[in-house]
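Listed here are the chains, written in short residue letters.
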Amino acid sequence: MEGYEKNEDFELNEDREEVYSKAVKAGKRTYFFDVKATRNNDYYLTITESKKKFDKDGNASFEKHKIFLYKEDFEKFTEGLAEAVEVVKAALEGKLPQD
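Below you will find a few notes about this structure. (Residues numbered from 1 in each chain as written. Predicted model: local features only at pLDDT ≥ 70, side-chain atom pairs only at ≥ 80, totals over all residues. Heavy atoms only, no water.)

1. Considering the pairing of strand β1 (residues 17-26)
When a strand is regular, its side chains alternate between the sheet's two faces.
Then step 1. Relative to strand β2 (residues 29-37), β1 runs antiparallel, the two sharing nine bridges. The residue bridging V24 from the neighbouring strand is Y31, located in β2.
Then step 2. Between the end of β1 and the start of β2, which pair antiparallel, lie two residues, with G27 showing a positive phi angle near 65 degrees. (Pairing = 2+ DSSP bridges. Helix = DSSP H or I, 4+ residues; strand = E, 2+ residues; numbered from the N terminus.)

Written out as structure tokens, the structure is:
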């Protein structure tokens, strides 16, 4: 790729092996959970949100947002997600968190 120097830690898509994939349909969105392996047999997770959009002419396209989650961040990410979900559940019951 012109203008980019090769980074030893970065691997092109062709070098990533998909190990597991799970699609979760949730209303107008679909979430994809993909476990991938690097050439060095290291693993990471990509989470993709996909939402179907229509332009003014009715043509469909998909808007996608992706995050990469690396194994060293799994525990903190899971803890943060669980805590945020609990705050939402409590807020829906009228119990907002105290600052």
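Following the structure, the description resumes.
2. So, the packing of aromatic side chains
Then step 1. This structure, assessed with the given rule, holds two aromatic pairs.
Then step 2. The interplanar angle of 35 degrees and the centroid separation of 5.8 Å between the aromatic rings of Y44 and Y70 together place this pair among those described as tilted. Residue Y44 is found in strand β3 (residues 43-54), and its partner Y70 is found in strand β4 (residues 60-70); the two are separated by 26 residues along the sequence.
Then step 3. For Y44, a relative accessible area of 5% corresponds to the buried category.
Then step 4. One aromatic cluster is present, formed by Y44, F68 and Y70 through successive ring pairs. (Phe/Tyr/Trp six-rings, centres within 6.5 Å; stacked < 30°, edge-to-face > 60°. Buried < 20%, exposed > 50% of the residue type's maximum accessible area, 1.4 Å probe, protein only.)

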